[in-house]
Amino acid sequence: MPTRKIHLKSFGCQMNKLDSSLVVGALGEQGYELTDTPEAADVIVVNTCSVRENAENRVFSNLGHFKYLKKSNPNLRVAVIGCMAQRLGDELLAHEAVDIVAGPAQLHEVPALIAEAMGDHDKHLSVSEKIRQPAASQQVITDSHKLDDFELAHDTDANHIKSQAFIRAMRGCNNFCTYCIVPFVRGPEVSRPPEAILKQAKKLVDQGIQQVTLLGQTVNSYQYKAGEKSYRLADLLGQVSDIGGIGWVRFITSHPGRFDTSILQVMASNPKVCPYLHIPAQSGSDRILKAMNRGYTAAEYIDLMDTARAIVPDIAIAGDFIVGFPGETDEDFEATVDLVRRVRYKNAFVFKYSPRPDTHSEKKLEDNVGDEIKQQRNAKLLEVISEISAEDNERFLGKEVEVLVEGLSKKPHLNQEKSGHPQLIGRTAGDYIVVFNGPKSLTGRFANVKITQTAPLTLFAAPRPSTA
Ligand code: SAH
Ligand code: SF4
Ligand code: F3S
């Protein structure tokens, strides 16, 4: 029988990317091979994100195309998994292109659902009927065990490109920021047992993984109770970095509320724990922060960033912002610009507010900042962020930095003739992107390079002539 082919389209955050790779890993074991061309596929898996409306629109436009593909290939099966699957369930299943709908808590069922759908022309739905249940409920505990087993069984280094692995520290979120869909599609916060995380990390490091990133929507609230002992993120970072042969350990994303300074202490004292924090502020206006239910004021956030810099002097801070939240005035926006100027991010993402069905802000607050103003504020904030990182990056000029090499850059031919090597891309412990010409064999390895030029998002380093 010819090998069956699977085409994958993945949207959304690192959590989703990890889920996608686990499904591909599991299907690979059943003999499926990946293909880049949807036309050549027997199965198309779309892993979806609901965080903003345009992420969902992109999925619908893809489904439109797959519906058309099915006309010429009636044996094609399409599975929609991830956050939109949980949010829309039946509604997605009714789409002409769709055969399977499975939510994030049913990830482990996807291979079996695909096998069933290959043998019939029925539609298959598996989502959580009630996604918000207490973390201690039997349903959540059972799902967590199944997901843990699935993750341990199908996570191999082949899932992870460039010698870096993403490992889930926790699932779900309990914060209910008023704009956010995540708690409604990913369910309650559940921290994985440290043994499961360590076992997975050890396996991956033994297979050659150099860097492990621990994942959670608010990873700093990681907490696992085992008898008398309670494990927090700082403990986990220490344990993971003790694995023999591991290079770097990092974690995303942190929430500024209840941020435990023991995490910073570990960062300062343990060279394997990268001095990098992705810690979104979302806004610099107290009024807006309150309306967002973020649980801190701008002054508290700034204080925490000052503490972080005092404990870890070379820390790189990254963030996210939402512009155009309901009721955001010019004054509120200026407060955000002020916070950005004060904190001096290494980089920050800016998103235009997008009302998400059934969230508090969608139900109670009018989306009353026009798109043009959202666009202007978005552009202005990005300009300030970029201006600051351009200034701050100059401090790297002439310095030697250590990078973990990821492979060929987007423009591998740049300077290739002159240096005799393609252009490579790597990242420093602070997550700064560095490009330089060097042998491709450096991929997946650490290298020291000297910075010769800087830009807001990129550092440029001198060529590395050999791997010696
Ligand atoms: N758990 C992370 C963020 C997850 S979502 C945290 O709390 O920091 C990633 C980012 O998307 C958020 O930081 C926020 O900036 C943005 N976002 C979430 N919901 C949004 C919405 N409704 N409209 C616009 N941006 C949104
Ligand atoms: Fe969404 Fe807030 Fe949870 Fe982040 S902390 S996932 S923004 S609800
Ligand atoms: Fe999107 Fe779901 Fe991640 S909504 S941001 S893919 S948790």
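Quick caveat: nothing in here was measured; it's all calculated off a predicted structure. (Residues numbered from 1 in each chain as written. Chains lettered and ligands numbered in written order. Predicted model: local features only at pLDDT ≥ 70, side-chain atom pairs only at ≥ 80, totals over all residues. Heavy atoms only, no water.)

(A) Helix H6 (residues 138-154), seen in detail. Counted at 1.5 Å a residue, the expected span for H6 with its 17 residues is 24 Å, and the 24 Å between its end C-alpha atoms agrees. Listed in full, the buried residues belonging to H6 are Val-140, Asp-143, Ser-144, Leu-147, Asp-148, Phe-150, Glu-151, Leu-152 and His-154. Summarising the contacts, the buried residues of H6 are in contact with helix H1 (14-29), helix H5 (110-119), strand E7 (164-168), strand E8 (170-171), strand E9 (190-191) and helix H8 (194-206). (Helix = DSSP H or I, 4+ residues; strand = E, 2+ residues; numbered from the N terminus. Expected span 1.5 Å × (residues − 1). Buried < 20%, exposed > 50% of the residue type's maximum accessible area, 1.4 Å probe, protein only. Contact = heavy atoms within 4.5 Å.)

(B) Structural view of H5. Listing the buried residues of H5 in full gives Val-110, Pro-111, Leu-113, Ile-114, Ala-117 and Met-118. Relative to the axis of H5, the buried residues are bounded by an arc of 160° and lie together on one face. Of the surrounding secondary structure, the elements contacted by the buried residues of H5 are H1, strand E3 (43-48), strand E4 (77-82), strand E5 (100-102), strand E6 (124-126) and H6. (Arc of directions from axis to C-beta.)

(C) Expanded view of the site of ligand 3. With respect to spatial proximity, the complete set of residues near ligand 3 consists of Gly-12, Cys-13, Asn-16, Cys-49, Ser-50, Val-51, Cys-83, Arg-186 and Gln-217. The class makeup of the residues in the shell around ligand 3 is 4 nonpolar, 4 polar and 1 charged. (Near = heavy atom within 4 Å. Nonpolar A, V, L, I, M, F, W, Y, C, P; charged D, E, K, R; others polar.)

(D) Here's a closer look at the site of ligand 2. Lining the immediate environment of ligand 2, one finds Cys-173, Asn-175, Phe-176, Cys-177, Tyr-179, Cys-180, Val-182, Pro-183, Gln-217, Thr-218, His-255 and Arg-294. Looking at the shell around ligand 2 residue by residue, the class counts come to 7 nonpolar, 4 polar and 1 charged.

(E) Region of interest: the sheet that holds strand E14 (residues 276-278). Taken together, 3 strands build an open sheet; the order of strands is E14-E15-E16 and the sheet is parallel. Among the strands making up the open sheet, the edge pair consists of E14 and strand E16 (347-352). Here the average twist between neighbouring strands, direction ignored, is 10°. Direction of pairing for strand E15 (residues 316-323) relative to E16: parallel, over a ladder of 6 bridges. Of the residues in E16, the one forming a bridge with Val-323 is Lys-352. (Pairing = 2+ DSSP bridges. Axes fitted to C-alpha atoms, helices over the stretch in contact; angles between N-to-C directions.)

(F) Representation of the sheet that holds strand E17 (residues 400-408) in the model. Here we have 5 strands rolled up into a closed barrel, ordered E17-E18-E19-E21-E20, and mixed in their pairing. Across the sheet, the mean angle from the axis of one strand to that of its neighbour is 50°, orientation sign disregarded. Looking at chain direction, strand E20 (residues 446-454) and strand E21 (residues 459-461) are connected through 3 bridges and run antiparallel. Its bridge partner lying in E21, Thr-454 is registered against Leu-459.

(G) Quick look at the environment of Leu-414. If you trace the backbone, Leu-414 turns up in the loop between E17 and helix H16 (416-419). On the accessibility criterion, Leu-414 (36% relative accessible area) is partly exposed. Ignoring any residue separated from it by four or fewer positions in sequence, one finds Leu-414 in contact with Gln-423 and Asn-437.

(H) Broad picture of the pattern of salt bridges. What the rule picks out here adds up to 23 salt bridges. Residue Arg-168 is joined to Asp-19 by a salt bridge in which the shortest nitrogen-to-oxygen separation is 2.7 Å. With Arg-168 in strand E7 and Asp-19 in helix H1, the pair connects residues that are 149 residues apart, well separated along the chain. Residue Arg-168 shares its accessibility class with Asp-19, and that shared class is buried. A salt bridge links Arg-427 to Glu-406; the nearest nitrogen and oxygen atoms lie 3.1 Å apart. A residue pair is termed long-range when its members are at least 10 positions apart, and Arg-427 in strand E18 (residues 423-427) and Glu-406 in strand E17 qualify at 21 residues. Among the residues examined, Arg-427 registers a relative accessible area of 26% and is labelled partly exposed. Judged by its relative accessible area of 11%, Glu-406 falls in the buried class. Three or more residues joined by partner-sharing salt bridges are found here, namely Asp-19, Asp-148, Glu-151, Arg-168, Arg-171, Arg-186 and Arg-192. (Salt bridge = Lys/Arg side-chain N within 4 Å of Asp/Glu carboxyl O.)

(I) The arrangement of the packing of H8 against helix H9 (residues 233-241) in detail. Put simply, H8 and H9 touch, their axes get as near as 10 Å, and they point 30° apart. Looking at the two axes, H8 sits roughly parallel to H9. Remark: the crossing between H8 and H9 carries right-handed chirality. Mapping the contact onto sequence places Pro-194, Ile-197, Leu-198 and Ala-201 in H8 and Leu-236, Gln-239 and Val-240 in H9. (Parallel < 35°, antiparallel > 145°, perpendicular 65-115°, else oblique. Left-handed = near helix turned anticlockwise from the far one by under 90°.)

(J) The domain arrangement of the chain, seen in detail. Structurally, the chain comprises domain 1 (5-126), domain 2 (138-394) and domain 3 (397-461). Between the C-alpha centres of domain 1 and domain 2 the distance comes to 27 Å. Between domain 1 and domain 2, the contact holds 25 residues from the first and 27 residues from the second. Together, the buried faces of domain 1 and domain 2 total about 2,400 Å²; carbon and sulfur atoms form 64% of this surface. The largest per-residue losses of area from domain 1 upon contact with domain 2 belong to Met-15, Leu-22 and His-108, which jointly make up 27% of the total buried on that side. Our count for the domain 1 to domain 2 interface comes out at 3 salt bridges. Where domain 1 touches domain 2, the interface holds 7 residue pairs in polar contact (both at pLDDT 80 or more). Counting residues per element, the ones that place at least two in the side of domain 1 that touches domain 2 are H1, helix H2 (53-72) and helix H3 (83-88). Class assignment for the residues of the side of domain 1 that touches domain 2 results in 12 nonpolar, 7 polar and 6 charged. (Domains from an automatic or database assignment. Buried area = accessible area lost by both parts, 1.4 Å probe. Polar contact = N/O pair within 3.5 Å; in protein donor to acceptor, adjacent residues only side chain to side chain.)

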